[in-house]
Amino acid sequence: MGQNFEHEVVIVGAGPAGMCAAMYTGRAMLDAVVLERGFPGGELLNTELVEDYPGFETILGSELAQKFQDHAVKFGAAFKTGITVDGVRKRADGMFETVTDSGDTYVSPAVIITAGGTPVKLGVPGELEYAGKGVSYCAICDGAFFRNHTIAVVGGGDAAVEEADFLTRYASKVYVIHRRHELRASKILQQRLFENPKTEMIWDTAVEKVEGDGQGLVNSLQLRNLKTNAQRNLAVTGLFVFIGFKPNSGIVKGHVDHDEMGYIKTDVNMQTNIPGLFAAGDLRAQLTRQVTTAVGDATTAAIAAEKYLKARKDRAAQGGGVAA
Ligand SMILES: Cc1cc2nc3c(=O)[nH]c(=O)nc-3n(C[C@H](O)[C@H](O)[C@H](O)COP(=O)(O)OP(=O)(O)OC[C@H]3O[C@@H](n4cnc5c(N)ncnc54)[C@H](O)[C@@H]3O)c2cc1C
């Protein structure tokens with residue numbers, strides 16, 4: 001039998017956005033709880049080095065995550081880990097019910113969803129072993145580590161083609177490996193890629209294995225031509241995988257406005273189409289997804305949630321209804 005808990009704000013996910021929102025709700029003296037299915041840190045825990053967070057020229061992802069959490073806790077944030085949120089719904093009385101996998105229900109007048117997203121993996125041997133050691137899912141984040149290297153990109157959509165072109169700013173050579181003989185990316189992006197002398201297409205080919213140099217870094221890929229079945233090795237020191245990114249928006253997808261990819265739509269205050277329900281970070285429909293944008297979103301969301309709660313209390317004090 002699940003338990004019921006009551007808070008002023010429930011924050012779903014303890015990545016950079018969730019932890020930043022928790023810091024701000026703490027500073028606003030709100031009773032907030034952060035529910036995290038794993039450990040606090042989000043994608044920072046899968047990031048070796050962060051070199052683009054202002055104030056830290058270079059910092060380990062795990063170290064930045066710890067600093068975010070310590071900072072939030074200092075202002076009174078409560079974290080509950082190992083709890084997966086299954087769904088968030090608004091009741092007729094204006095309160096939200098956040099239901100977890102253990103059957104517990106968290107009741108609150110405001111919810112901030114910061115559940116992030118997950119890059120789709122290739123699922124081949126060596127991929128996870130070398131993640132952060134040559135295998136990456138983020139060109140803006142990791143491109144600069146591959147200055148003058150020969151690297152490969154996997155994928156055929158807009159993200160793969162755009163990022164392959166971007167990566168030639170650093171890499172001396174970028175192979176683009178695609179399963180088919182035609183790219184899905186828009187024609188203009190394809191044209192830019194094909195005209196770039198630093199790129200070379202490898203068509204009809206799948207990556208079967210990521211191999212290392214014996215010292216923990218990537219040094220080659222095992223490839224298979226899907227038409228001829230021929231195998232070969234490609235010497236590269238980096239592999240960027242862009243075969244999709246899934247926002248973790250399933251917990252509200254049925255009833256909250258989202259784009260065709262599943263990213264949650266918000267207004268400028270990070271509020272969704274449901275009053276009192278805010279979204280911040282990687283699962284929000286927006287131009288780019290970085291730690292800086294996640295914490296920026298979260299700052300706005302937490303302050304907007306505080307204002308929403310105050311307006312709600314004021315309405316109740318004046319004898320008006322609280323259900324918004
Ligand atoms: C490999 C890699 C390297 C990167 N490097 C950089 C970099 O160098 N610089 C940079 O600025 N950005 C980098 N990024 C992007 C950056 O990590 C993200 O933009 C940022 O982490 C987004 O923060 P977030 O809080 O929105 O989401 P996330 O970091 O994804 O955190 C979401 C959290 O929510 C939790 N969660 C999800 N669903 C549920 C649920 N149902 N119940 C409970 N908890 C849930 C997850 O476990 C996770 O902890 C990188 C990303 C990747 C993948």
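Basis of the calculations
- Residues numbered from 1 in each chain as written.
- Predicted model: local features only at pLDDT ≥ 70, side-chain atom pairs only at ≥ 80, totals over all residues.
- Heavy atoms only, no water.
- Buried < 20%, exposed > 50% of the residue type's maximum accessible area, 1.4 Å probe, protein only.
- Helix = DSSP H or I, 4+ residues; strand = E, 2+ residues; numbered from the N terminus.
- Pairing = 2+ DSSP bridges.
- Right-handed = clockwise from strand over helix to strand, strands pointing away.
- Arc of directions from axis to C-beta.

S.K.: Mind showing me how you'd approach the pairing of strand S13 (residues 150-154) here?
M.R.: In regular strands, side chains alternate between the two faces of the sheet. Judged by how many residues are buried, S13 sits mostly within the fold: four of five residues are covered. Across five bridges, the pairing between S13 and strand S14 (residues 173-177) is parallel. Residue pairing across strands places Ile151 opposite Val174, the latter belonging to S14. Each parallel crossover has a hand, and for S13 linked through helix H4 (residues 158-167) to S14 it is right-handed. Pairing of S13 with strand S19 (residues 238-241), which is carried by four bridges, proceeds in the parallel orientation. Among the inter-strand pairings, Ala152 is bridged to a residue of S19, identified as Leu239.

S.K.: I tried to follow helix H5 (residues 187-195) on my own but got confused; where do I start?
M.R.: Quick reminder: α-helices carry 3.6 residues per turn. Residues three or four places apart thus point the same way. Within the span of H5, buried status applies to Leu189, Gln190 and Leu193. Each buried residue of H5 sits inside an arc of 100° when the element is viewed along its axis, so together they form one side. Of the residues in H5, the exposed ones pointing more than 90 degrees away from the buried face are Lys187, Ile188 and Glu195.

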